[in-house]
Amino acid sequence: MDSSEGEIQFNNCTINSTAENLIYTGVWGYEVNNIKIRFTECNITHTGDNLIGFFALPANNSLIEFDNCKIIKNKGSLVKWLLNYSRAGLKNKISVDVIFKNTAVERSLVIDNAVDSDHARVVFE
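Source: prediction; values computed, not measured.

Scoring rules and cut-offs
Residues numbered from 1 in each chain as written. Predicted model: local features only at pLDDT ≥ 70, side-chain atom pairs only at ≥ 80, totals over all residues. Heavy atoms only, no water. Helix = DSSP H or I, 4+ residues; strand = E, 2+ residues; numbered from the N terminus. Buried < 20%, exposed > 50% of the residue type's maximum accessible area, 1.4 Å probe, protein only. Contact = heavy atoms within 4.5 Å. Areas by Shrake-Rupley, 256 points an atom, 1.4 Å probe, with all protein chains shown as cover. Polar contact = N/O pair within 3.5 Å; in protein donor to acceptor, adjacent residues only side chain to side chain. pLDDT = per-residue confidence, 0-100. Salt bridge = Lys/Arg side-chain N within 4 Å of Asp/Glu carboxyl O.

(A) A look at the overall build of the protein chain. Of the regular secondary structure elements, the protein chain holds zero helices and 16 strands. Per-residue burial for the protein chain yields a buried fraction of 42% across its 125 residues. Pairs at least 24 apart in sequence give 86% of the contacts found in the protein chain among residues at least 6 apart. Counting every atom, the protein chain has about 6400 Å² of accessible surface; 45% of that belongs to carbon and sulfur.

(B) Inspection of the side chain of Asn 21 at higher detail. Relative to the assigned elements, Asn 21 resides in strand E4 (residues 21-25). At a separation of 3.0 Å, a polar atom in the side chain of Asn 21 contacts the side chain of Asn 50.

(C) Layout of the confidence of the model for the protein chain. Mean pLDDT over the protein chain stands at 76; residues scoring 70 or higher make up 65%. Mean pLDDT values over the elements of the protein chain span from 48, in strand E1 (residues 2-3), up to 95, in strand E3 (residues 14-17).

(D) Expanded view of the side chain of Ser 62. Looking at the secondary structure, you find Ser 62 in strand E10 (residues 62-67). For Ser 62, a relative accessible area of 8% gives the class buried. Discounting residues that sit within four places of it in the chain, Ser 62 has contacts with Asn 33, Asn 34, Ile 35, Lys 36, Ser 95, Val 96 and Asp 97.

(E) Geometry of the pattern of salt bridges. In the structure shown here, the tally under the stated rule is four salt bridges. Here Glu 7 ties to Arg 38 by a salt bridge, and the two come within 3.3 Å at their closest N and O atoms. Of this pair, Glu 7 sits in strand E2 (residues 6-11) while Arg 38 sits in strand E6 (residues 35-40), placing them 31 residues apart in sequence. Residue class for Arg 38 comes out partly exposed when judged on its relative accessible area of 24%.

Structural data, given as structure tokens:
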């Protein structure tokens, strides 16, 4: 999915994906703001590179949440930040929370936190 603003909810779902990124945010030339994506009680199997890929522009005031989910992923990154490599002056505009609540992730996966922002967080509750 590719979006610049909005809210998407997945409830009681089963997702089997081979896409490079299950969730991909960032469009060159557009601001990426106010994205809310929530997965509740979902079973997710993802065999692509990154479960979540943040690319291109700041994802300001955004939330991606997994609540009571089971995630099976055996390669790549759980979260891949590729923001602002060439736009370092914008890194403090980023405010993104990726929250995993009561969510089981099969196999330990890397969180590539290349963005180095105080306002970009991955939280396990």
